[in-house]
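Coordinate inspection notes
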Amino acid sequence: MTEKTRRFDPSASSLAGEVNSAVMDELLSVRGSIDNIDATLVYLLAERFKATQRVGHLKAEHKLPPADPDREAAQIARLRALAEEAHLDPAFAEKFLNFIISEVIRHHQDISQNHSSRDE
């Protein structure tokens with residue numbers, strides 16, 4: 001755990017002293033679960049980007065384009081269906097995946113450019 005994560009105050013709230021203590025206790029308990037989920041999401045995203053970095057290097061080594069529109073469309077359709085099954089707004093899931101895809105493509109472009117400059 002880093003110093004920044006140790007300094008995180010899970011009880012920080014502008015509502016302290018404004019609401020009944022039982023309500024505040026329940027709110028902090030639920031927020032604790034949210035904090036755990038957020039931490040898991042960060043680590044999952046880190047692992048996902050490690051994998052996509054490897055894909056970027058493979059694409060650069062074999063002179064493949066950074067983007068793969070058919071794959072991206074299939075992933076978006078898949079995530080929308082998963083979102084519906086999970087009772088999550090499919091439009092939100094699509095926006096989230098589109099953001100990730102745009103970052104991955106940007107990384108792949110950078111990797112490709114760096115790989116090309118080494119070949120010169």
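Coordinates for the structure precede this section.
Residues numbered from 1 in each chain as written. Predicted model: local features only at pLDDT ≥ 70, side-chain atom pairs only at ≥ 80, totals over all residues. Heavy atoms only, no water.

Moving on: the overall build of the protein chain. In terms of regular secondary structure, the protein chain is built from four helices and zero strands. Counting from the amino terminus, the protein chain carries its helices and strands in the arrangement α-α-α-α. Taken over the C-alpha atoms alone, the protein chain extends approximately 65 × 40 × 20 Å along its principal axes. Across the 120 residues of the protein chain, 18% fall into the buried class. (Helix = DSSP H or I, 4+ residues; strand = E, 2+ residues; numbered from the N terminus. Buried < 20%, exposed > 50% of the residue type's maximum accessible area, 1.4 Å probe, protein only.)

As a further point, take the layout of surface pockets. When its volume is computed, the largest pocket comes out at roughly 390 Å³. Lining the largest pocket are 16 residues, with Leu-41, Leu-79, Phe-96, Leu-97 and Ile-100 sitting closest to its centre. Mapped onto the lining of the largest pocket, the elements with two or more residues apiece are α2 (21-61), α3 (69-85) and α4 (90-119). Its residues assigned to classes, the lining of the largest pocket comprises 13 nonpolar, one polar and two charged. (1 Å grid on protein atoms, 1.4 Å probe; cavity = no way out; pocket = protein on both sides within 12 Å on 5 of 7 lines; lining within 4 Å. Points joined across faces, edges and corners; volume = space filled by probe spheres on them. Nonpolar A, V, L, I, M, F, W, Y, C, P; charged D, E, K, R; others polar.)

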